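# Topology and contacts: notes
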Amino acid sequence: MKFIHTSDWHLGKLFYGEYLTDEQAWILRNQFLPLADSEKPDVILLAGDVYDRSIPPEEAVALFNEMIEEIVEKRHIPFIVISGNHDSAERISFASTVLERSGLYMCGDLTRLSPIFLSDAWGKVAFVPLPYAEPGTVRTALSVDVHSHEEAEKALSSHLLKCVPEGMRKIAMAHEFVAGGKESDSERPLSVGGTDQIHGSVFDGYHYTALGHLHGAQKAGGSDLIRYSGSLLKYSFSEATHKKGVIIGEIDGEGRVRTEFHPLVPRKDARIIEGTFDELMAKDDPAPNDFLMAELMDDKPVIDVMARLRKKYPNMMTIHANRQLSEDTGSRHFDFNKRIDPLDMFRIFYKEMQDKEFTDEEEEYMQKVWNDVRKEDL
Ligand SMILES: [Mn+2]
């Protein structure tokens, strides 16, 4: 049985104030669906964070609806979705008992969970959905005494495995932070205080575990068979060097799983470019429409730098200036308790910014400006 494992779509994500929905639609329509057409998987697994927030924008809901129609209705591929920490479990599992008759399995609410059985030439494979849940939620739903994420995940897994016959091939889907994993800036921590990490051994016994949560594609718990597919797009500049994509896996009759990472190439990449303002403006950039962060190397301030960079790079999202304001890294020399002549204050500011004193000509000019301003005040 062949599967595509994907996760962390974060539909409706805001990236430096811009909705990424158009880019998400582009990559899903032009990269993801064609891949489903060529690979013809028997099932698609989406391991949480369908949306970026619990109440997603309408465009994000419309895009997910389109994907459901493309996958389940047009291509007749069963689609199993679990909720992640960014999703609302309750909203994700809306109408789930009705939808599963069509091959769409929306798993969020713990009280309605059960394994999903799909068949191939060798018999059945059990897919065990473990949506993201706080330990307290698991405690209430299953009436078990669990306090950590690890205890909760174990309890949920063994609760569902009661319905899976001994010896059957089984694949888990989970949205967790498996210890040892590499984080990036676009993941929201699963818990504040306490530990949100679980040990990979929680998934012992599964033939494969399709993970979501960490946005970089990686294996987890030291096992080739516990994997993060990574997010659909780069959702922070800390992911600038990531390769995004999906995992194509195949489980044979013995339960052996073979996996392969398949990259998905976005229409606009997210990159960091480095140089002085003049260098960046002169640079022959192959894709100036990409989402960019500039590491600005100028040692002097550049006036109106964002607007000027955006003329060449319309999707310049943020600028990081490497400039140091003075040797003692930006501290000011004003003593606010002391009455300082405003002109002196400007002299200090000028020195901080330009690292030099007024010229005689500038001194004279500023004296005149200041005197004029005072005259107007009187
Ligand atoms: Mn995520």
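Data block above holds the structure.
The notes below deal with the structure included here. (Residues numbered from 1 in each chain as written. Predicted model: local features only at pLDDT ≥ 70, side-chain atom pairs only at ≥ 80, totals over all residues. Heavy atoms only, no water.)

So, about the nonpolar core. Core analysis: the biggest nonpolar cluster contains 49 residues, and Leu 45, Ile 80, Phe 127, Leu 130 and Phe 203 have the highest contact counts within it. In terms of residues, this core owes the most to one element, strand S8 (residues 123–130), which gives five residues. When neighbours within four sequence positions are excluded, Ile 80 is seen to be in contact with Val 43, Ile 44, Leu 45, Leu 46, Tyr 105, Cys 107, Ile 116, Phe 127 and Met 173. The next biggest cluster of nonpolar side chains, apart from the first, holds 40 residues, and it includes Ile 27, Ala 36, Leu 46 and Leu 63. (Core = buried A, V, L, I, M, F, W, Y, C linked by side-chain atoms within 4.5 Å. Buried < 20%, exposed > 50% of the residue type's maximum accessible area, 1.4 Å probe, protein only. Helix = DSSP H or I, 4+ residues; strand = E, 2+ residues; numbered from the N terminus. Contact = heavy atoms within 4.5 Å.)

Attention now moves to the pattern of salt bridges. Summed over all chains, the structure comprises 24 salt bridges. In this structure, Lys 234 and Asp 269 form a salt bridge, with 2.8 Å as the shortest nitrogen-oxygen distance. Within this pair, whereas Lys 234 is found in the loop between strand S14 (223–228) and strand S15 (245–251), its partner Asp 269 is found in the loop between strand S16 (257–263) and strand S17 (270–275), the two being separated by 35 residues in sequence. What makes Lys 234 buried here is its relative accessible area of 13%. As a salt-bridge pair, Glu 363 and Arg 347 come within 2.5 Å of each other at their nearest N and O atoms. One end of the pair, Glu 363, is in helix H10 (residues 360–377); the other, Arg 347, is in helix H9 (residues 342–354), with 16 residues separating them in the sequence. Relative accessible area serves as the criterion here: at 23%, Glu 363 is assigned to the partly exposed category. With a relative accessible area of 23%, Arg 347 lands in the partly exposed category. (Salt bridge = Lys/Arg side-chain N within 4 Å of Asp/Glu carboxyl O.)

The next point concerns the coordination of the manganese ion. The reference angle at a metal is 109.5 degrees if four donors form a tetrahedron and 90 or 180 degrees if six donors form an octahedron. At this site the manganese ion is bound by Asp 8 (OD), His 10 (NE2), Asp 49 (OD) and His 215 (NE2), with donor distances of 2.1 to 2.3 Å. For Asp 8, a relative accessible area of 0% gives the class buried. (Donors = N, O, S within 2.8 Å, 3.2 Å for Na, K, Ca; no water.)

Quick reminder: α-helices carry 3.6 residues per turn. Residues three or four places apart thus point the same way. For helix H2 (residues 58–74), built from 17 residues, the straight-helix expectation of 24 Å at 1.5 Å per residue is met to within 8% by its first-to-last C-alpha distance of 23 Å. Within H2, burial applies to Ala 60, Leu 63, Phe 64, Met 67, Ile 68, Glu 70, Ile 71 and Val 72. Seen from one end, H2 has its buried residues packed into an arc of 165 degrees, which puts them on one side. Opposite the buried face of H2, at more than 90 degrees from it, the exposed residues are Glu 58, Glu 59, Glu 73 and Lys 74. Contacts made by the buried residues of H2 are with helix H1 (21–39), strand S4 (43–47), strand S5 (79–82) and strand S6 (104–107). (Expected span 1.5 Å × (residues − 1). Arc of directions from axis to C-beta.)

On to the packing of H9 against H10, then. Relative orientation of the contacting elements H9 and H10 amounts to 140 degrees, with a least axis distance of 11 Å. Judged on the interaxial angle alone, H10 and H9 are oblique. Of the two possible hands of crossing, H9 and H10 adopt the one that is right-handed. Of the residues in H10, those touching H9 at Pro 342, Leu 343, Phe 346, Arg 347 and Tyr 350 are Glu 362, Glu 363, Met 366, Gln 367 and Trp 370. (Axes fitted to C-alpha atoms, helices over the stretch in contact; angles between N-to-C directions. Parallel < 35°, antiparallel > 145°, perpendicular 65-115°, else oblique. Left-handed = near helix turned anticlockwise from the far one by under 90°.)

The strand order across the open sheet built from three strands is S17-S18-S19, with neighbouring strands paired in parallel fashion. The sheet is open, and its two borders are formed by S17 and strand S19 (316–321), each paired with just one other strand. Within this sheet the neighbouring strands show an average axis-to-axis angle of 20 degrees, counted without direction. Summarising the sheet, S17 and strand S18 (residues 291–296) pair through six bridges and their orientation is parallel. Along S18, the bridge assignment pairs Ile 272 with Met 293. Sheet contacts for helix H8 (residues 305–312): S18 and S19; angle to S19, the most-contacted strand, approximately 130 degrees. (Pairing = 2+ DSSP bridges.)

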